[in-house]
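Observations on the three-dimensional arrangement
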Amino acid sequence: MRILLNFMMLLKTTFVASLLFSNAAVGIWPIPASYEHGGEVVWLDKYTKWSFEAPKGLDKLIQDRVHQALSRAQKTITTNQLVPWKLRPHGVDFDPPIEGRHHAIIRKIIVQQLKEDEVRAPEYDKVDESYELYIPSAKGYNSTDSPTLSKLMAQHDKPMTIYIVAPYSSGILHGLTTLQQLFYAHSDYGKHGIYSPYAPAVIKDKPKFVHRGVNLDVARQWYPKTTVFRLLDGMAWNKFNRLHFHVTDSQSWPLEVPALPELAVKGAYWKNLYYTTRDIQEIYKYAEDRGIQVIMEIDMPGHTSAIGHAYPDLITGQNVQPMWTEVAAQPPSGHLKLNDSDVEKFLTKLFNDVVPRLAPYSKYFHTGGDEVNRNIYLLDENVRSNDSAVIKPYLERFLTHAHNLVRKNGATPVVWEEMVVEWGIDLPKDTVVQTWLGDQSTKVVTEKEYRVIAGNYLYWYLDCGNGQWLDFHKEMGYLYNDWCAPKKNWRLMYTYDPLAGLTPEEAKLVLGGEVHIWSEQIDSESLDSTVWPRAGAAAEVLWSGRQDAEGKNRTFPDASPRLAEIRERLVLNGIGASPIMQLWCHQHEGDCEIPSL
């Protein structure tokens, strides 16, 4: 009789939970490649066991990475979980019934890596971030059609077990991120704990693009190391996998280079406001442990005025005033000289120092190349011309020297599009080219058969729309807008397709894309609310694709509840993300849509 009553209670719980959650927005961001789920409730408690099964021979560094990720996920799920009251209908008791709860408790979470041949910092063509995730209901799994699930069940024969399985650690990290997004805290958490209303669930997931990046400019403002860590946390939540670390520019040189110590001492904004070699190692390791590679950029030959504080003889056109507009994109002006043996000796010291220390963490190094100003080379005693035909051979020699050093030290060079599109320099085809000036640039670069990182400024520049930051005399006219206004709302960012206008063959050369944080008017205090959750719109485009499996563009009504939920999770984990709409709209789903005409 007691068994019958318990079974009837379980049926009642399952039925009510299905009614409550069958239509609830599933808050996974970015949306998985394949996802099936039910509407039954399962629970976690303090007795749920978490384990990692590593293949024999797996590098200890990789094992430690997964164990740390497992600990972070367990801590977040069990002690820092979301009560989703903002995201449920107003006035509705959304908590699942607790009757029969003990029949639906997950007893074990098993994380399994399949391959032992994982290398540190794999190159693009060796990246595999796929994973599979299986969550049972109290009645088991809906289906065992999956060979992976069948094998896992045969291996373990443990009921009420969640499985995450992936070839490599990056997939496991992504699977753990997804798992965290499937669970919520009961509003009486201390008494009833953590639940997921989406059982049973089967997720088979992998990204569309191998490069999903955020570009952080840390030269125009000073960003403490802890701020960079926080950005990396937000990136991991959104399954970004590349931090483009734009570490130097005209305004400052916040990077310690032991072979050239005066660079940071004289080029930083203030005493000790630079990243030491240990700081850089910690940033790279922190990123690596979250499935993110850091690609450092030292921009050149333009955007190098800060070098002039320590080595003034290497720079031409240093801080020309007041007519800096003739020789630079913004103040202060200053380019490395061309056709100069002392500059080449400087570059040799620089790259032989910096690149080898980064090579274990990343196989790519960005040498810049944007906004090279022709007029400034009228001031260079080795050039004395603003004619592109005169400058180009010297620029080509400069790049060849720099890139040979990058390759010699174990990395592949990355450049901005101008080197190929504007200057027409014939770079080796292993060079990665980053486009920013529009889709036509991506078209041109792929036609030349280079691999591309895209990021059209009309869509993915996060600094735009804050207004003019340069002072001006009012009589000059209306100069209040910045150059790339308006602000890029997340919805606009969500419409960008990095493959737009490309042939299938050209599209294969697009590695992915980046959102950009240029720091004229952004700093450590405003970073979170500027970046999040807007950057998440790009994260989903890069992970899931602009179109769904049927080739249809993903819609705002589908995206906004999920983006709102990831925003809440970011805030809960110490990231000051902005809201995407008024709270009333989240509690009245569908009532904040503009009517179709």
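Here, the structure is the one placed above.
Computed from a prediction, not measured in an experiment: that's the story for all the values here.

Glancing now at the nonpolar core. Grouped together as the largest cluster of nonpolar side chains are 148 residues, with contacts concentrated most on Phe-245 and Met-296. In terms of residue count, helix α9 (residues 341-358) provides more of this core than any other element does, eight residues in total. Apart from residues lying up to four places away in sequence, Met-296 is in contact with Phe-245, Val-247, Leu-255, Ile-280, Tyr-284, Val-354, Leu-358, Phe-365 and His-366.

A full pass over the atoms with the stated rule returns 30 salt bridges. We note a salt bridge from Lys-86 to Glu-568, for which the minimum N-O separation is 3.3 Å. Of this pair, Lys-86 sits in the loop between α2 (60-79) and β3 (108-113) while Glu-568 sits in helix α18 (residues 556-572), placing them 482 residues apart in sequence. Taken together, the shared-partner salt bridges connect Arg-65, Glu-118, Arg-120 and Glu-288 into one network.

Our focus in this paragraph is the environment of Gln-180. Structurally, Gln-180 is set in helix α4 (residues 169-181). Gln-180 sits 86 residues away from Phe-94 along the chain, and the two C-alpha atoms are 19 Å apart. When near neighbours in sequence (up to four residues on either side) are disregarded, Gln-180 contacts Ala-73, Thr-76, Ile-77, Gln-81, Trp-237 and Arg-569.

Let's shift gears to unusual backbone geometry. A cis amide bond links Gln-321 to the next residue, Pro-322, at an omega of 0°. With respect to the helices, strands and loops of the structure, Pro-322 is situated in the loop between β11 (315-316) and β12 (335-336). That bond from Trp-532 to Pro-533 is cis: its omega, 0°, falls within 30 degrees of zero. Mapped onto the fold, Pro-533 is located in the loop between α16 (527-531) and α17 (534-544). Unusually for a residue other than glycine, Met-160 sits at a positive phi of about 55°. When you line up the elements, Met-160 lands in the loop between α3 (147-156) and β5 (161-166). In the Ramachandran plot, Asn-319 falls in the positive-phi region, its phi being about 45° despite a non-glycine side chain.

Between α2 and α4, the shortest axis-to-axis distance is 10 Å and the interhelical angle comes to 0°. With respect to α4, the element α2 is oriented roughly parallel. Residue-level inspection shows Ile-62, Arg-65, Val-66, Ala-69, Leu-70, Ala-73, Thr-76 and Ile-77 of α2 in contact with α4, the latter providing Ser-169, Ile-172, Leu-173, Leu-176, Leu-179 and Gln-180. The class makeup of the residues in the contact of α2 with α4 is 10 nonpolar, three polar and one charged.

Counted according to the given criterion, the structure contains 26 aromatic pairs. Between Arg-88 and the ring centre of Tyr-184, over which it is positioned, the NZ or CZ distance is 5.2 Å. Directly above the aromatic system of Tyr-286 lies the positively charged group of Arg-290, at a separation of 3.5 Å from the ring centroid.

In terms of strand pairing, strand β2 (residues 49-53) meets β3 through five bridges, oriented parallel. Pairing of Glu-53 across the sheet is with Gln-112, part of β3. Of the crossover connections in this fold, the one passing from β2 over α2 to the parallel β3 is left-handed.

How each quantity is defined
Residues numbered from 1 in each chain as written. Predicted model: local features only at pLDDT ≥ 70, side-chain atom pairs only at ≥ 80, totals over all residues. Heavy atoms only, no water. Core = buried A, V, L, I, M, F, W, Y, C linked by side-chain atoms within 4.5 Å. Buried < 20%, exposed > 50% of the residue type's maximum accessible area, 1.4 Å probe, protein only. Helix = DSSP H or I, 4+ residues; strand = E, 2+ residues; numbered from the N terminus. Contact = heavy atoms within 4.5 Å. Salt bridge = Lys/Arg side-chain N within 4 Å of Asp/Glu carboxyl O. Axes fitted to C-alpha atoms, helices over the stretch in contact; angles between N-to-C directions. Parallel < 35°, antiparallel > 145°, perpendicular 65-115°, else oblique. Nonpolar A, V, L, I, M, F, W, Y, C, P; charged D, E, K, R; others polar. Phe/Tyr/Trp six-rings, centres within 6.5 Å; stacked < 30°, edge-to-face > 60°. Lys NZ or Arg CZ within 6 Å of the ring centre and 35° of its normal. Pairing = 2+ DSSP bridges. Right-handed = clockwise from strand over helix to strand, strands pointing away.

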